[in-house]
Number of protein chains: 2
Amino acid sequence: MTVTLADVAAHAGVSPATVSRVLNGNYPVAEATRERVLQAVDELDYVLNGPASSLAAATSDLVGILVNDIADPFFGIIAGAAQNAIGACASGRAGGEKLAVVCNTGGSPERELMYLTLLQRQRAAAVVLTGGSYDDPEHLAATATKLARLSEAGTRVVLCGRPPVPGDATATTLAFDNRGGARKLTEHLLSLGHRRIALIMGPERYTTTRHRLDGHRAALAAAGLGDVPTVHGLYDRASGYEATRELLRRAPDLTAIVAASDTVALGACAALRDLGLSIPGDVSVTGFDDLPFAIDASPALTTVRLPLQDAGRRAGLLAMGTGDVPAGGLTTVEAELVVRESTAPPRA
Amino acid sequence: MTVTLADVAAHAGVSPATVSRVLNGNYPVAEATRERVLQAVDELDYVLNGPASSLAAATSDLVGILVNDIADPFFGIIAGAAQNAIGACASGRAGGEKLAVVCNTGGSPERELMYLTLLQRQRAAAVVLTGGSYDDPEHLAATATKLARLSEAGTRVVLCGRPPVPGDATATTLAFDNRGGARKLTEHLLSLGHRRIALIMGPERYTTTRHRLDGHRAALAAAGLGDVPTVHGLYDRASGYEATRELLRRAPDLTAIVAASDTVALGACAALRDLGLSIPGDVSVTGFDDLPFAIDASPALTTVRLPLQDAGRRAGLLAMGTGDVPAGGLTTVEAELVVRESTAPPRA
DNA sequence: TTGAAAGCGTTACCAT
DNA sequence: ATGGTAACGCTTTCAA
């Protein structure tokens, strides 16, 4: 029925082993034989049987990239960059192509574990976890265990913008400086003269949320300010919308709002619009580079994308183990918040 | 080293065959045996070997969802919906999960074919193609052939918002009415009084671009208007930005611009901002529901999401072959453009 | 209801 | 440089 490697071998007048070697390009094969085999492959329209190959080799060419929300461009950019980087790693099996795929956890710990199990089942070559994680001891332990199993089985683990796993040295970690980023962002707002600032943060039990909150508070404390109005929500547009209305109800005289992400900021802007507040002027929202008040829209976009793509590229390369690993093994890039500063003027 | 099915069998005091049956839940197994096996699985922390399973069964639980641009929320929403739908198909027992993954083609025909080959190699259970395709005879033929091969090999093929493949009856098609949508959108702008309209379209050789262009022209012709300023670009933000500057250079008195997608519209707005044109007032941009001039922001969001999610849900279900297929076998949903009407007033 | 055994298509080791 | 051939771990008839 379907064409097998043996068929190709017969057609080319060589042994299956030789065909395998040609396809994988790992062992030396005479140029003449090589061409004959390749031609046979072409003529028979042969496609390697992945499962069989993976079974025999005890590894597959699948790379899973886990994201919290596939509808959020933030993760899209990271995932795309990682996918490109991985695709560029033309090394390994037949054709060298890795199958880089994106898995959407929806921010659910259960789904995350499910995907990890599914990838483990596939004997994935690597898994890349992106974004913060739910800061629950039980889930953290379960994840740590699962990642350890994956490592043992030969799957490379990469953490991108996600805190390192406590007792694990095998995972490659690409950390974002959420705390430092949040601090700088807040300092920036303060330097612009803002004093009545509010925060729309992510879910309370998220690692990124905690770290950023630390940073915000540090900056505020240094400026002699105490706690500011804060609302916790999801990293989505609806949360930004609701949070903003809630914040302005509680503190109508705000001059600046910090949103947890671009998508959240979009919702915040929609709320301001609905409330009849213009932007800029009455209230500034920081966190998104595509809004009217962002002075340097184009440069900002570049600024945002470069570090992220670079992060993705590195994550991809590290995932493949082909190199370029900084000496420390741990890279820190600017927090996303930092590169999205808004320079909107305070109200008065 | 790693735990195998045989190990589980030994631990449970049954044969490998029985373990397999329990795991797949396809054959009747005595309840007592079943529990014993499940317990052994648990105790040994056994994870099925996907490749081996796929090899023996000649099929895998992998479902590939191909998108043109993973950083575009439009595709993110579709992909997420499809993934949810597929995940919800908990057909069997602990082994019933499908591995729904997203592949980013970047709009490149070559990458699309590469991913299809990679999925074919994996003996994927299904592939879902989303969005328009490059309208080149050679590429179309290559894709058609590849999809035919996939079908033959037992992989279900679903086209979501993508034109049907000419000589193919096996693929499930979920079509978007791009032509009708574009027509209605244009009519809407005309009914608001706009006469100086410009178009930012996608790549010229894209199927969706052609169909939409047809619709726009039909509406314009019916209103006694001839060709309007038109620029072709990619479906991304930068294109929207450049195209808008170009259009306003050519026709400074425009009152409305139709963008090819939300992302393109974002770029258009950035350009207007940089040119010192306020929104709304001087120029209206249609195509995005998150901008200040969109009157009914929240309802619009709902309106947008429901049909898309529904589309995704159906695509997923069809992909799994579990049902709910409309009698005709072919479903038509509103074009994305239609549900994103803007009601911004014309300039004067 | 359960067990035994024959594949499934590659890879990799061992010869040659 | 190439061929022969055991694995690889599971599914699935066929028997019992």
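Quick look at the structure, then. Small disclaimer: the values here were computed from a predicted structure and weren't measured.

1. Focus on the protein's contact with DNA strand C
Then, number 1: Taken together, 24 residues form the shell around DNA strand C, and within it A:Leu5, A:Ser20, A:Tyr46, B:Thr18 and B:Thr33 come nearest.
Then, number 2: Within 4 Å of the protein, the contacting atoms of DNA strand C are 68% sugar and phosphate, with bases supplying the remainder.
Then, number 3: Elements supplying a minimum of two residues to the surface near DNA strand C: α2 (16-24) and α4 (50-57) of chain A together with α2 (16-24) and α4 (50-57) of chain B.
Then, number 4: Element by element, the count of residues in the surface near DNA strand C is highest for α4(A), at five residues.
Then, number 5: Considered class by class, the residues forming the surface near DNA strand C number 14 nonpolar, eight polar and two charged.

2. Examining the packing of α2(A) against helix α3 (residues 31-44) of chain A
All names here are of chain A.
Then, number 1: Running from N to C, α2 and α3 cross one another at 90 degrees; their axes reach a closest spacing of 10 Å. Put simply, α2 runs roughly perpendicular to α3. Here α2 contributes Thr18, Val19, Val22 and Leu23 to the contact with α3, which in turn contributes Thr33, Arg34, Val37, Leu38 and Val41.
Then, number 2: In terms of residue class, the contact of α2 with α3 is built from six nonpolar, two polar and one charged.

3. With respect to the side chain of A:Ser108
Then, number 1: Note that A:Ser108 resides in the loop between β2 (99-104) and α6 (109-121).
Then, number 2: At a separation of 3.1 Å, a polar atom in the side chain of A:Ser108 contacts the side chain of A:Glu110.

4. Notes on the protein's contact with DNA strand D
Then, number 1: Near DNA strand D lie 26 residues; those nearest to it are A:Thr18, A:Thr33, B:Leu5, B:Ser20 and B:Tyr46.
Then, number 2: Take the atoms of DNA strand D that sit within 4 Å of the protein: sugar and phosphate atoms are 66% of them.
Then, number 3: In this structure, A:Ala30 approaches DNA strand D through a main-chain N or O atom, which is 2.6 Å from a phosphate oxygen.
Then, number 4: Within the side chain of B:Ser20, an N or O atom sits 2.6 Å from a phosphate oxygen of DNA strand D.
Then, number 5: For the surface near DNA strand D, the elements supplying multiple residues, two or more each, are α2 and α4 of chain A together with α2 and α4 of chain B.
Then, number 6: Residue contributions to the surface near DNA strand D peak at five residues, all from α4(B).
Then, number 7: Looking at the surface near DNA strand D, its residues break down into 15 nonpolar, nine polar and two charged.

The rules behind the values
- Residues numbered from 1 in each chain as written.
- Chains lettered and ligands numbered in written order.
- Predicted model: local features only at pLDDT ≥ 70, side-chain atom pairs only at ≥ 80, totals over all residues.
- Heavy atoms only, no water.
- Near = heavy atom within 4 Å.
- Helix = DSSP H or I, 4+ residues; strand = E, 2+ residues; numbered from the N terminus.
- Nonpolar A, V, L, I, M, F, W, Y, C, P; charged D, E, K, R; others polar.
- Axes fitted to C-alpha atoms, helices over the stretch in contact; angles between N-to-C directions.
- Parallel < 35°, antiparallel > 145°, perpendicular 65-115°, else oblique.
- Contact = heavy atoms within 4.5 Å.
- Polar contact = N/O pair within 3.5 Å; in protein donor to acceptor, adjacent residues only side chain to side chain.

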